[in-house]
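Chain by chain, the residues run as shown.
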Amino acid sequence: MILPTPTLDTERLRLRPFADADAEDLFALQSNAEVLCYWDSPPWTDRSSIKRFMEECRKMAEEGSGARVAIERAADQAFIGWCTLNSWNPDFRSASLGYCLNEAAWGNGYATEAADVLLRWAFGALDLNRVQSEADTRNVASARVLEKLGFILEGTLREDCIVNGVVSDSWVYGLLKRDWAG
């Protein structure tokens, strides 16, 4: 089942399908060690990662397994990151949420705003019942984003990631449609 990648607008943001023109901004984001310090994979060092990422976006849409969208500021069309809804399971009516924003975008409420509009789309268009998200236990800012959106901390995955020799735990958050304030 094909799942068309949506274009979604908020007052300050536009979420849209990735374009080839995003390649350099995407590489800058994904190769930034500070941005990826709590990520489940190391920063990119090879430009071939751009092509793989873009192919994964198209594959998600073609297989109907999710949607990954670029986030740009509406005021100047600047690429500031991306947001994803993946692992969509229509039988269970569930999916997972993730996001990654550049440092300049941190602290402005953009992650919350982008995730909120993507959740609005997902709960409506996909008729989801549950969305799950994970955050490294050291990433308090990401945990705050999820809590602002109404996610509930459901548990901790102990030592579930090892990136460049660093072992970390992850918090698991869940949001049920009936509990979502959107």
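This one's a predicted model, so the numbers in the text were calculated from it and none came from an experiment.

1. What to know about the state of the cysteines
Piece 1. A complete count under the given rule lists zero disulfides for this structure.
Piece 2. Counting only cysteine sulfurs, Cys83 is the nearest neighbor of Cys57, a cysteine outside any disulfide, at a range of 12 Å.
Piece 3. Cys100 provides the cysteine sulfur closest to Cys83, a residue in no disulfide bond, and the two sulfurs are 10 Å apart.
Piece 4. The class for Cys83 is buried, based on a relative accessible area of 1%.

2. Brief notes about the layout of surface pockets
Piece 1. Reported here for the largest pocket is a volume of approximately 1200 Å³.
Piece 2. Around the largest pocket sit 47 residues that line it, and Trp39, Tyr99, Cys100, Glu134 and Ser142 are the ones nearest its centre.
Piece 3. For the lining of the largest pocket, the secondary-structure elements that each account for two or more residues are α2 (48–63), β4 (79–89), β5 (94–101), α3 (110–125), β6 (130–136), α4 (140–148), β7 (152–163) and β8 (166–176).
Piece 4. Of all the elements, β5 adds the most residues to the lining of the largest pocket, at six residues.

3. Focus: the pairing of β4
Piece 1. Counted residue by residue, β4 has eight buried out of eleven residues, so it is predominantly covered.
Piece 2. Taken together, the six bridges between strand β3 (residues 67–73) and β4 define a ladder with antiparallel strand orientation. Paired with Ala67 across the bridge in β4 is Leu85.
Piece 3. Between β3 and β4, which pair antiparallel and follow one another directly, the connecting turn spans five residues, one of which, Gln77, has a positive phi of 60°.

4. Re the pattern of salt bridges
Piece 1. Enumeration according to the criterion identifies 14 salt bridges in this entry.
Piece 2. When the shortest N-O distance is used, the salt bridge between Glu113 and Arg12 registers 2.6 Å. With a gap of 101 residues between them, Glu113 in helix α3 and Arg12 in the loop between β1 (8–9) and β2 (13–16) connect regions that are remote in the sequence.
Piece 3. In this structure, the salt-bridge partner of Glu55 is Lys51, at a minimum N-O distance of 3.9 Å. Of this pair, Glu55 and Lys51 both sit in helix α2, four residues apart, which is roughly one turn of that helix.
Piece 4. Residue classification places Glu55 among the partly exposed residues on the basis of a relative accessible area of 37%.

5. Examining the side chain of Glu113
Piece 1. Glu113 gets classed as buried once you look at its relative accessible area, which sits at 16%.
Piece 2. Of note is the side chain of Glu113, whose polar atom sits 2.6 Å from the side chain of Arg12.
Piece 3. Beyond its immediate stretch of four places on either side in the chain, Glu113 contacts Thr10, Glu11, Arg12 and Leu13.

6. Regarding the packing of aromatic side chains
Piece 1. Counted by the stated rule, this structure contains seven aromatic pairs.
Piece 2. An angle of 55° between the planes, with centres 6.1 Å apart, marks the rings of Phe18 and Phe79 as tilted. Linking Phe18 in the loop between β2 and α1 (23–30) with Phe79 in strand β4, this pair joins segments that are 61 residues apart in sequence.
Piece 3. For Phe18, a relative accessible area of 15% puts it in the buried group.
Piece 4. Residue classification places Phe79 among the buried residues on the basis of a relative accessible area of 9%.
Piece 5. With a centroid separation of 5.0 Å and an interplanar angle of 40°, the aromatic rings of Phe123 and Trp180 are classed as tilted. Separated by 57 residues along the polypeptide, Phe123 in helix α3 and Trp180 in the segment after β8 bring together distant segments of the chain. Each member of the pair, Phe123 together with Trp180, is buried.
Piece 6. Following the ring pairs from residue to residue traces out a cluster consisting of Phe18, Phe27, Trp39, Trp44, Phe53, Phe79 and Trp82.
Piece 7. The ring centre of Phe27 lies 4.3 Å from the NZ or CZ of Arg47, which sits over that ring.

What counts, and where the lines are drawn
- Residues numbered from 1 in each chain as written.
- Predicted model: local features only at pLDDT ≥ 70, side-chain atom pairs only at ≥ 80, totals over all residues.
- Heavy atoms only, no water.
- Disulfide = S-S within 2.5 Å.
- Buried < 20%, exposed > 50% of the residue type's maximum accessible area, 1.4 Å probe, protein only.
- 1 Å grid on protein atoms, 1.4 Å probe; cavity = no way out; pocket = protein on both sides within 12 Å on 5 of 7 lines; lining within 4 Å.
- Points joined across faces, edges and corners; volume = space filled by probe spheres on them.
- Helix = DSSP H or I, 4+ residues; strand = E, 2+ residues; numbered from the N terminus.
- Pairing = 2+ DSSP bridges.
- Salt bridge = Lys/Arg side-chain N within 4 Å of Asp/Glu carboxyl O.
- Polar contact = N/O pair within 3.5 Å; in protein donor to acceptor, adjacent residues only side chain to side chain.
- Contact = heavy atoms within 4.5 Å.
- Phe/Tyr/Trp six-rings, centres within 6.5 Å; stacked < 30°, edge-to-face > 60°.
- Lys NZ or Arg CZ within 6 Å of the ring centre and 35° of its normal.

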